[in-house]
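Architecture and fold: a report
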Amino acid sequence: MDQNIYVKMESISKNFGTVKANDNINLTVKKGEIHALLGENGAGKSTLMNMLSGFYKPDSGSIYIHGEPVKFDSPKDSIKKGIGMIHQHYKLVEAMTAVQNITLGQKGSFFLSEKKSKNKIKKVAESYGLKINYDKKVYEMSIGEKQATEIIKVLYQGADILIMDEPTAVLTPQETKKLFEILKNMAREGCSIIIITHKLHEVMEISHKVTVLRKGQTIKTLETEKTNSKELTDLMVGRAVDLSIDRPEVEIGEEILKIENLTAEDVDKVEVLKNVSFNLRKGEILGVAGVAGSGQKELCEAIAGLYKIKKGKILYENEDIVGLSPRDIIHKGISMSFIPEDRLGMGLVASMDMVDNYLLKEQHKQKGIFIKRKPVKEKCNNMISKLEIQTPGTSHPVKQLSGGNIQKVLIGREIDTNPHVLITAYAVRGLDIASSHTIYDLLNEQKKKDVGILFIGEDLDVLLKLCDRIMVLSSGRVTGIVSAKETTKEKIGLLMSDEINTEVLAV
Amino acid sequence: MRMIKRERISKKDAFRIRSTAIIGSLILSGLFIFFLGHNPLDVYLSMAKGAFGSIYRIKDTINIIIPLIMTSLGIMIAFKMKFWNIGGEGQILMGALFASYFALNFSTLPKPILLFVMFIAGFIGGGFWAFIPAFLKVKFQTNETITTLMMNYIALNLITYLQYGPWRDPQSLGFPKIANFADSATLPRLFGIHIGWIITIIAVVVITIFLNKSKFGYEIKVVGESQDTANYSGIRVNRVIIRGLIISGGICGIVGMMEVSGVNGTLTNHVSAGYGYTAIITTWLSGLKPAFIIPVSTLFAGLIKGGGFIQTAYQIPQSAADIIQSMILFFVIGSEFFIQYKIVPDRRNAKGGEVNVS
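So, the overall build of chain A
Along the backbone of chain A there are 17 helices and 20 strands. Taken over C-alpha atoms, the radius of gyration comes to 24 Å for chain A, in line with the 23 Å a tight globule of 507 residues would show. Each of the three principal axes of chain A carries a C-alpha extent, and together these read 70 × 50 × 45 Å. Across the 507 residues of chain A, 55% fall into the buried class. Of the roughly 22400 Å² of accessible surface on chain A, 48% is carried by carbon and sulfur atoms. Of the charged side chains in chain A, 72 are positive and 68 negative, and the gap between their average positions amounts to 4 Å.

So, a nonpolar patch on the surface
Taken together, the side chains of Ile369(A), Phe370(A), Ile201(B), Val205(B) and Ile209(B) define a hydrophobic patch exposed on the protein surface, amounting to about 480 Å² of accessible area. Note that Ile369(A) resides in the loop between helix 11 (354-362) and helix 12 (374-387).

Structural notes on the nonpolar core
Counting 173 residues, the largest nonpolar core has Phe278(A), Leu299(A), Phe455(A), Ile470(A) and Leu73(B) as its most contacted members. In this structure, this core is formed jointly by two domains, domain 2 (244-333 + 419-507) and domain 3 (350-417) of chain A, each of which donates at least three residues. In this view, Leu299(A) contacts Leu262(A), Leu273(A), Val276(A), Phe278(A), Leu454(A), Met471(A) and Leu473(A); residues no more than four positions away in its chain are not counted. Of all hydrophobic cores here, the second largest spans 46 residues; its members include Tyr134(A), Met164(A), Leu171(A) and Val212(A).

Brief notes about the environment of Ala78(B)
All names here are of chain B. Relative to the helices and strands, Ala78 is located in helix 3 (residues 55-80). Note on Ala78: relative accessible area 0%, which makes it buried. Ala78 sits 210 residues away from Leu288 along the chain, and the two C-alpha atoms are 10.0 Å apart. Once residues within four sequence positions are removed from consideration, Ala78 is found in contact with Phe83, Asn85, Leu245 and Ser248.

Some points on empty space enclosed by the protein
Gaps left between atoms are located by rolling a probe of water-molecule size over the structure's atoms. Evaluated as defined, the whole model comprises 2 cavities of 30 Å³ or more. Each pocket or cavity is described by its volume, and for the largest cavity that value is around 60 Å³. Lining the largest cavity are Ala304(A), Pro326(A), Ile329(A), Ile330(A), Ile334(A), Ser335(A), Met336(A), Lys361(A) and Tyr232(B). Taken together, the elements giving at least two residues each to the lining of the largest cavity come down to helix 10 (326-332) and strand 16 (334-338) of chain A. Grouping the amino acids of the lining of the largest cavity by side-chain chemistry returns 7 nonpolar, 1 polar and 1 charged.

Some details on the interface of chain A and chain B
Put simply, an interface is often sized by how much accessible area is lost when its parts join up. Between chain A and chain B, the residue contacts involve 44 residues of the former and 27 residues of the latter. Summing both sides of the interface, chain A and chain B together bury roughly 3000 Å²; the carbon and sulfur share of this comes to 52%. Considering only the side of chain A, the residues that lose the most area to chain B are Lys57(A), Arg327(A) and Gln363(A), jointly responsible for 18% of the buried surface there. Linking chain A with chain B are 1 salt bridge, by the criterion used here. The partner of Lys221(B) in a salt bridge is Asp356(A), and the shortest N-O contact between them spans 3.8 Å. At the boundary of chain A with chain B, the tally comes to 12 residue pairs in polar contact (both at pLDDT 80 or more). Looking at the side of chain A that touches chain B, the elements with two or more residues in it are strand 4 (60-65), strand 5 (68-70), helix 10, strand 16, helix 11 and helix 13 (403-416) of chain A. If one sorts the elements of the side of chain A that touches chain B by residue count, helix 11 of chain A sits on top with 5 residues. The residue makeup of the side of chain A that touches chain B, split by class, is 19 nonpolar, 14 polar and 11 charged.

Comments concerning the sheet that holds strand 20 (residues 477-483) of chain A
Residue and element names in this part refer to chain A. Spatial ordering of the open sheet is given by 16-17-18-13-19-20, a layout of 6 strands whose pairing is mixed. Looking at strand neighbours, the two that pair on one side only are strand 16 and strand 20, the edges of this open sheet. Within the sheet, the average angular offset between the axes of one strand and its neighbour, ignoring direction, is 15°. Sheet topology places strand 17 (residues 421-425) next to strand 18 (residues 452-456); 5 bridges connect them, and they run parallel. Directly across from Ala425, in strand 18, lies its bridge partner Ile456. Each of strand 13 (285-289), strand 16, strand 17, strand 18 and strand 19 (469-474) touches helix 9 (residues 296-303); the most contacted strand, strand 16, lies at about 150° to it.

Here's the deal with the domain arrangement of chain A
Residue and element names in this part refer to chain A. Each assigned domain of chain A is listed with its residue range as follows: domain 1 (5-237), domain 2 (244-333 + 419-507) and domain 3 (350-417). Summarising the inter-unit geometry, the C-alpha centres of domain 1 and domain 2 are found 34 Å apart. Counting residues at the interface gives 11 residues for domain 1 and 13 residues for domain 2. Buried surface at the junction of domain 1 and domain 2, summed over both partners, amounts to about 960 Å²; 65% is from carbon and sulfur atoms. At the boundary of domain 1 with domain 2, the tally comes to 0 salt bridges. Taken together, domain 1 and domain 2 are joined by 1 residue pair in polar contact (both at pLDDT 80 or more). Those elements that place two or more of their residues in the side of domain 1 that touches domain 2 are helix 6 (173-188) and helix 8 (229-237). For the side of domain 1 that touches domain 2, the leading source of residues is helix 8, giving 3 residues.

Quick look at the pairing of strand 11 (residues 255-265) of chain A
Residues and elements named next belong to chain A. Two strands pair when backbone bridges link them, and strand 11 and strand 12 (residues 271-281) are joined in this way by 7 bridges, in the antiparallel orientation. Looking at the pairing, Ile259 lines up with Phe278 of strand 12. Where strand 11 folds back onto strand 12 in an antiparallel hairpin, the turn is made up of 5 residues, including Lys269, whose phi is positive at roughly 65°. Judged from the 5 bridges that link them, strand 11 and strand 14 (residues 311-316) form a sheet pairing that is antiparallel. Bridge pairing links Thr263 to Lys311 in strand 14.

Basis of the calculations
- Residues numbered from 1 in each chain as written.
- Chains lettered and ligands numbered in written order.
- Predicted model: local features only at pLDDT ≥ 70, side-chain atom pairs only at ≥ 80, totals over all residues.
- Heavy atoms only, no water.
- Helix = DSSP H or I, 4+ residues; strand = E, 2+ residues; numbered from the N terminus.
- Rg over C-alpha atoms; globule rule 2.2 N^0.38 Å.
- Buried < 20%, exposed > 50% of the residue type's maximum accessible area, 1.4 Å probe, protein only.
- Areas by Shrake-Rupley, 256 points an atom, 1.4 Å probe, with all protein chains shown as cover.
- Lys, Arg positive; Asp, Glu negative; His and termini not counted.
- Charge placed at Lys NZ, Arg CZ, Asp CG, Glu CD.
- Patch = residues over 30% accessible without salt bridge, like charges linked within 9 Å, V, L, I, M, F, W, Y side chains within 5 Å.
- Salt bridge = Lys/Arg side-chain N within 4 Å of Asp/Glu carboxyl O.
- Core = buried A, V, L, I, M, F, W, Y, C linked by side-chain atoms within 4.5 Å.
- Domains from an automatic or database assignment.
- Contact = heavy atoms within 4.5 Å.
- 1 Å grid on protein atoms, 1.4 Å probe; cavity = no way out; pocket = protein on both sides within 12 Å on 5 of 7 lines; lining within 4 Å.
- Points joined across faces, edges and corners; volume = space filled by probe spheres on them.
- Nonpolar A, V, L, I, M, F, W, Y, C, P; charged D, E, K, R; others polar.
- Buried area = accessible area lost by both parts, 1.4 Å probe.
- Polar contact = N/O pair within 3.5 Å; in protein donor to acceptor, adjacent residues only side chain to side chain.
- Pairing = 2+ DSSP bridges.
- Axes fitted to C-alpha atoms, helices over the stretch in contact; angles between N-to-C directions.

Here it is as structure tokens:
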């Protein structure tokens, strides 16, 4: 078999119970190729890669690495064959330096010579154009540095097939650019790279080939040069989709929420919000951009009365709501929905059904000591049909729904409370394109009803298309508030990487 | 071998596992009984007979079932909030103490009024004893398992002190004993059992409705599932915990009242008889569902009563009877593990699911 075919996966199938996660999938990656694996959540990308890296065993099908048939019993076997996987969440030891992390778990003599290892690591890294400070401890590193450390680690282990799971989710556009340079270098040096993503523009920018998966099946493998975003989306979704996001022109009303010099500390007395000031007006969507963990969660929780505030004011219709209980803030008409990575988090009770979850926000409004579930059931049924929620019924525990449907329940409920201010964080996290657009439409509908919306997002393209203004957070500070129509992704990227821009602050 | 959490389990499988456990426990205890020199079958039969063999014995067993069910109901409310109330014992004692105060000092009151006052006093006594750890928990995040447990000893020693000191009956000829209650402070009987059984049935119904239909019951459920979510949705978590615990302890306090008034006829330092601890097991085994508390408590009461009976019938030492009881318990509780988890052979040694290489 052709030695230049580094990875060949043939008719791979994997079932989890009754769910066909992978159904007859084929994938071929050549030497020096950057291959994008594109698909919506639940399309089977991660399952497939987990089989390539030895975490799962396929139910049927064959895998060839460097032309040789292989069976992996554990990730160790896959590492031995030169496969390195970089997970979305880095698996580094915080208190150790880069060198220590890289050499961790390596075979060798009983005593490790750090100096020797360091030289060896350097040689490997520099051959791919990677440079980091090897003596820096991981907890002092930026996200980009951590990622570089992970990459060097797998290269040092001798990997020439690199799998990257959504590598840009936590990076600023600038860091992403840097990463892509590195990946291109590696490909030139003869590595094969498989990159899992659902961001189309990244596929177009970096990959040589792209394989589209949908519902556990291989839809098509294409040469990136010969395709375009539109075609890829249609393949990914399975029908023609309109990619444009509406930004209805609404006459922006008076100020409804004003945040002044908001400062908050976490349990370790580290400032997580630093002098944050901004305002939100009726009929406006204010986007919040920033790399993950820049204070978005704390900001949401602070406004909702769930996070302790050190100083500053939160004025709702000119009344300071700092110190009010979450209940009082809900009564004022401020709704907050935060979609955490596990999607359930604090907005919903996993083991309860839809009706009981709806009741979380509804029960205060009911009079008397007994709960009336019947009217709520009706509202839930309305919501199911309006948002096309896939569920066997209203009395099904929400944790058994798929991620997207769980999100619709949460956001649907929050919108049903008819809020004046709607705070929503990561509303479309992991949703498929059609569902995401349902959510955007819902938000726009609210905007037309003069609701002030704070939209915390991940995808800059969406923020630019949907929002009226965009505020950028970096390490808990507001580094800029810009008009979405007039700014560019690059400008926002600069703001995300912590460079205060006084000029744009004035907008 | 390794274990995997089960997604869900069919009723049939759950029943199969539980019955296997009970049979297994009977076999193992049977071996033990055999080595003691008795016929296991005979001993088991007399255990059942000892618990349910005659009207008189059934009544005796019901006298154990009543406090077990009530205490389990009380503890369940706390457990629903994931507040591990180990203090049922102390709450029973304090309920008994508060009720006894009125029984001893206001015996001239008309019987219905005095009993009602004692009932309320019992609730307040138990509720107060549970309020303290609940308050400490919400204010200072103290560990409730420790505080509720410690409160048990305080209650126990407080009653012992009263029994040997200020409340000692001068007419008891130097015997450390509190005076017997007057008739006005004694629960009336219906069908030969004190009317605590009616109170218990009413309590099961009321608490079932309370948990499923009332707002407060709903809030208790949410707090138990996730305090963050409760907070987020505007539920006043601390208030729910404190109120819930007062109800939890209060119900245990009523047990104390019923025991002093209906069974013992006076206050002693062993009035709680370990119900506060046994109820932790029955509550847990009933899956925090009021309806299941009844059969589970009946089973346990039978075990306690039957265990006591074989001691005298076969001259088996108490410790041996305890061992038999514990073995049965061990199996029954152990089976819950297999209902939640299943054991599968390690993947590495399995032949199935391998990659076919052509």
